[in-house]
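One letter stands for each residue in the lines below.
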Amino acid sequence: MKTLLNHINGQWVAARSGATRDILNPADNKVIAKATDSGAADAEDAVTAAREAFDQGPWGKSTGPERAEKLFALASLVEKHAEEFARLDTLNNGKPLREARYDAADAAGCFRYYAGLASKPQGQTYSVSDPNMVCLTVREPIGVCAQIIPWNYPLLMAVWKLAPGLAAGNACILKPSEMTPVSAVKLFELMAEAGFPPGAANLILGPGDPVGSTLAASDRVDKVAFTGGGVTGRKIMSAATGNLKKVTLELGGKSPNIVFADADFEAALEFAMFGIFAGQGEVCSAGSRLILERKIAEKFLPRLAGACRKIVVGDGADAETEMGPLVSRAHMEKVLGYIKSGLDEGAKLLCGGHRLENGPLAAGNFVEPTVFVDVPPKARIMKEEIFGPVLVVELFDTEEEAIAKANDTVYGLAGAVFTSDGAKAHRVIKRLRAGITWINTYHPTFNEAPWGGYKQSGIGRELGTYGFEAYTEVKQININLAPGRIGWFKNL
């Protein structure tokens, strides 16, 4: 069986300890690979390689056009291997193959977008009071960037981090989730083929502690970018204070999907399902709170329950599957624990609520699409991010009430409004305290537009020009066109 290795300074290497871990297919929990299981010393090796590549190697001296050439080549390679990437993510993460194919296409597009951005204007000039001075700014790479990603989008999250970081000229260290490293290893094989020099990008496999924590605390790392849970995000922020490194955090949400009575009924119904059950609900921006106008609840909720019961749950590799397994047995148990807590706190199940164990599903991590109604406002399932196929429904009577319910959360990542009234849609979206919002749709994401949230959903933005700038420092340069003495010191 193939053992997945670290990629450090252009070489494939095992962890110093020789330790490995099993990588599982969540559809049946069978071992699909073994991965080297790194420790703190391995993380330090990756930092050393990145530091040398940036400080002494050709990568630190590379130009925007040179980096663009390599990123364009990598984009083409990802596109060429798109079907392989999709199948690897489905095998390792469990998501339906049709979703994984979208991820692979987005990944190629993301590399291509940042390849184009690498050589575009990135500074400013200023007209200042002194006619003999030229004042300008340039953007320069931050240095060594540690990039820690979750398991829900194994390929796409890697690309969201690597593409802007490399385009800006940084040396990067990617740490994928220890559960889903397969597509990242394939990506680094292609990066070598695309001609990235040793140390420009390094891959380190292993757990958050000690690998991620070592990267976050290292005084030789200049920036850490993390996508994941709030508890870990806070630990990274604390560790980063050692050398005041730059930090970008994307920490999830409890996002509202507001449906008014005048919305297109069938579209709102489908997007209420798509918002939460796409990706098994293991999506940071999932529409996990349906805020529904009371006057249509009597019609909407039975239709919702009936449609949810018809969702085809199964192995993501099956073309008929509409929702796959959860990523691990432990995560499935966590989601089932939330469902139990909802019942214990008085919420009512509209549909679902159980593990699926019929036939071949028994070996995997499958949970029914689940919808709760009559949920107490302070219930855990109303307040906490479940990260699974669990939807809670709240009813409202007025626009003001809908807005208040939508904003009643410590998170602020995403949210949507469904209505046929354009003015109302804009009023509500304007007051929604969230960084990514939609009107009459849910989930579309674009490489050209910024991604990130308000409140406890994180710090900073990824994607778009915002994502590029997050990997740069701004330097002011002042040029004297009339060099000579200024006569400040008389006795010089």
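Residues numbered from 1 in each chain as written. Predicted model: local features only at pLDDT ≥ 70, side-chain atom pairs only at ≥ 80, totals over all residues. Heavy atoms only, no water.

A.B. asks: Got a minute to help me understand the overall build of the protein in this structure?
C.D. replies: When helices and strands are tallied, the protein shows 15 helices and 23 strands. Its C-alpha atoms give the protein principal-axis dimensions of roughly 90 × 60 × 40 Å. Across the 492 residues in the protein, those meeting the buried criterion constitute 55%. A sequence separation of at least 24 residues applies to 73% of the contacts in the protein between residues at least 6 apart. Split by element, the accessible area of the protein, about 20500 Å² in all, is 54% carbon and sulfur. Measuring between centres, the 53 positive side-chain charges of the protein sit 4 Å from its 56 negative side-chain charges. (Helix = DSSP H or I, 4+ residues; strand = E, 2+ residues; numbered from the N terminus. Buried < 20%, exposed > 50% of the residue type's maximum accessible area, 1.4 Å probe, protein only. Contact = heavy atoms within 4.5 Å. Areas by Shrake-Rupley, 256 points an atom, 1.4 Å probe, with all protein chains shown as cover. Lys, Arg positive; Asp, Glu negative; His and termini not counted. Charge placed at Lys NZ, Arg CZ, Asp CG, Glu CD.)

A.B. asks: Looking at this model, I keep getting lost on the sheet that holds strand β6 (residues 124–126). Mind explaining?
C.D. replies: Strands pair in a sheet through their backbones, by hydrogen bonds, and they do so in one of two ways: parallel or antiparallel. Spatially, β6-β7-β23 is the arrangement adopted by the three strands of the open sheet, whose pairing is antiparallel. Of all strands in the sheet, those with a lone pairing partner are β6 and β23 (472–480), marking the two edges. Neighbour-to-neighbour, the strand axes of the sheet open up by a mean angle of 20°, direction not taken into account. Inspection of the sheet shows strand β7 (residues 133–141) paired to β23 by nine bridges, in the antiparallel sense. Within β23, the residue paired with Leu136 across the bridge is Ile477. (Pairing = 2+ DSSP bridges. Axes fitted to C-alpha atoms, helices over the stretch in contact; angles between N-to-C directions.)

A.B. asks: What exactly am I supposed to notice about helix α11 (residues 329–344) here?
C.D. replies: Over its 16 residues, α11 runs 22 Å from end to end, which matches the ideal 22 Å to within 8%, given 1.5 Å per residue. Each element contacted by the buried residues of α11 is listed here: β16 (370–373), α12 (380–383) and β17 (390–396). Two residues or fewer after α11 comes Gly346, characterised by a positive phi angle close to 100°. (Expected span 1.5 Å × (residues − 1).)

A.B. asks: What is the right way to read the packing of helix α5 (residues 154–167) against helix α6 (residues 182–194) from this model?
C.D. replies: Working note: a packed helix pair is described by the angle between its axes plus the distance between those axes. Relative orientation of the contacting elements α5 and α6 amounts to 40°, with a least axis distance of 9 Å. Considering only the axes of α5 and α6, their crossing is right-handed. Contact residues: α5 offers Pro154, Leu155, Ala158, Val159, Leu162 and Leu166, while α6 offers Ser183, Leu187, Phe188 and Met191. In the contact of α5 with α6, the residues fall into nine nonpolar, one polar and no charged. (Left-handed = near helix turned anticlockwise from the far one by under 90°. Nonpolar A, V, L, I, M, F, W, Y, C, P; charged D, E, K, R; others polar.)

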